[in-house]
Amino acid sequence: MLQRLAMFLLLVCALGILAQAPQETLYQVSTLNALMLGIYDGQMPVKTLLRHGDFGLGTFTGLDGEMLVLDGKCYQIKSDGSVVKVSGTVTTPFAAVTMFNSDQTLKIEAPMSLADLETRIDAALPTANWFYAIKVTGTFTLVKARSVPKQQAPYQPLVEVVKTQPVFQLQQVNGTLVGFRCPAFAAGVNVPGYHFHFLREDAQAGGHVLEAQLVSGTVTIDATPAFLLALPSDTAFKNADLSTDKPADVQKVEK
Ligand code: ZN
């Protein structure tokens with residue numbers, strides 16, 4: 001009887017978790033501006049983040065590498081180029097995830113640059129004013145990617161950190177671009193336009209994408225017209241001046 005009761009409670013809990021992870025919603029921890037200012041202390045454990053999405057990107061406490069979430073697994077791409085699967089207690093200061101459901105697919109059969117790919121995707125979207133999760137699986141002649149080295153407090157702004165970012169040139173690779181397209185009005189909260197991280201097929205290399213040359217592949221698009229923002233509760237965030245956004249600095253940091 002007790003066993004049956006425990007089973008019942010477990011089932012209720014499981015359904016509760018499912019109910020808490022809304023579909024078609026982009027769930028984000030903190031804001032891009034806060035990250036730009038150097039608010040790098042972890043706000044949420046990865047295991048909690050993964051309840052809100054199985055697909056996405058971000059970084060880790062202390063800016064310890066690039067985060068990529070694919071098929072419910074969270075990967076850390078470190079500044080030495082190594083990739084590890086992350087356990088649930090590691091925390092993130094900034095991340096965006098969604099439960100990925102395909103709404104639309106595009107077949108890419110001719111080689112193209114990342115800029116051309118973005119133009120191609122733009123033309124296929126129903127509106128530029130929603131958020132989209134975008135997965136590109138394919139063969140690439142080049143993926144130029146970077147990671148960021150772990151920082152110690154007091155933290156430097158992101159624009160300073162990226163001056164010494166290690167860059168990896170991955171040539172002739174199969175893998176997946178994991179990213180988002182955010183509307184222009186999201187500036188300050190997230191990156192307006194496209195932001196991709198890359199994971200090689202063997203999950204042994206990747207990073208924040210600076211350039212890419214796609215040979216062929218499949219683009220899968222998940223429209224996420226809802227947005228849920230979880231703001232930090234620490235002193236650094238409470239005291240930060242987030243009244244201005246710096247588009248020139250975002251360009252330096254992201255591109
Ligand atoms: Zn990135």
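Values in this document were obtained by computation on a predicted structure and should not be read as measured data.

A word on the sheet that holds strand E5 (residues 73-77)
- The mixed open sheet is built from seven strands, whose spatial order is E6-E5-E4-E3-E8-E1-E15. Among the strands making up the open sheet, the edge pair consists of strand E6 (83-85) and strand E15 (226-230). Neighbour-to-neighbour, the strand axes of the sheet open up by a mean angle of 20 degrees, direction not taken into account.

Some words on the pattern of salt bridges
- Taken as a whole and judged by the stated rule, the model has six salt bridges.
- When the shortest N-O distance is used, the salt bridge between Glu 211 and Lys 144 registers 3.4 Å. Here Lys 144 lies in strand E11 (residues 131-146) and Glu 211 lies in strand E14 (residues 206-224), a separation of 67 residues in the sequence.
- Classification of Lys 144 by relative accessible area gives partly exposed; the value is 22%.
- Ionic pairing is found between Glu 160 and Lys 163, a salt bridge with its closest N-O pair at 3.3 Å.
- Classification of Glu 160 by relative accessible area gives partly exposed; the value is 34%.
- Under the relative-accessibility criterion, Lys 163 is labelled exposed at 60%.

Digging into the packing of aromatic side chains
- One pass over the structure, following the stated rule, counts eight aromatic pairs.
- Measuring from centroid to centroid gives 5.0 Å for Tyr 40 and Tyr 155, while their planes differ by 55 degrees, and the two rings are tilted. With a gap of 115 residues between them, Tyr 40 in the loop between helix H2 (32-37) and strand E2 (44-45) and Tyr 155 in the loop between E11 and helix H5 (158-161) connect regions that are remote in the sequence.
- For Tyr 40, a relative accessible area of 1% translates into the label buried.
- Centroid distance Phe 55 to Phe 180: 6.2 Å. Interplanar angle 80 degrees. Geometry classified as edge-to-face. Of this pair, Phe 55 sits in strand E3 (residues 55-59) while Phe 180 sits in strand E12 (residues 167-182), and the two are 125 residues apart along the sequence.
- Taken together through their ring pairs, the aromatic side chains of Phe 55, Phe 100 and Phe 180 make up a single cluster.

Describing helix H4 (residues 114-124)
- Those residues of H4 not exposed but buried are Leu 114, Leu 117, Glu 118 and Ile 121. The buried side chains of H4 occupy one side of the element, clustering within an arc of 100 degrees when seen end-on. Structural note: H4 exposes Thr 119 and Ala 123 on the side pointing more than 90 degrees away from its buried face.
- Buried positions along H4 lie against strand E9 (104-108), strand E10 (112-113), E11, E12, strand E13 (193-200) and E14.

Definitions and limits used
- Residues numbered from 1 in each chain as written.
- Predicted model: local features only at pLDDT ≥ 70, side-chain atom pairs only at ≥ 80, totals over all residues.
- Heavy atoms only, no water.
- Pairing = 2+ DSSP bridges.
- Helix = DSSP H or I, 4+ residues; strand = E, 2+ residues; numbered from the N terminus.
- Axes fitted to C-alpha atoms, helices over the stretch in contact; angles between N-to-C directions.
- Salt bridge = Lys/Arg side-chain N within 4 Å of Asp/Glu carboxyl O.
- Buried < 20%, exposed > 50% of the residue type's maximum accessible area, 1.4 Å probe, protein only.
- Phe/Tyr/Trp six-rings, centres within 6.5 Å; stacked < 30°, edge-to-face > 60°.
- Arc of directions from axis to C-beta.
- Contact = heavy atoms within 4.5 Å.

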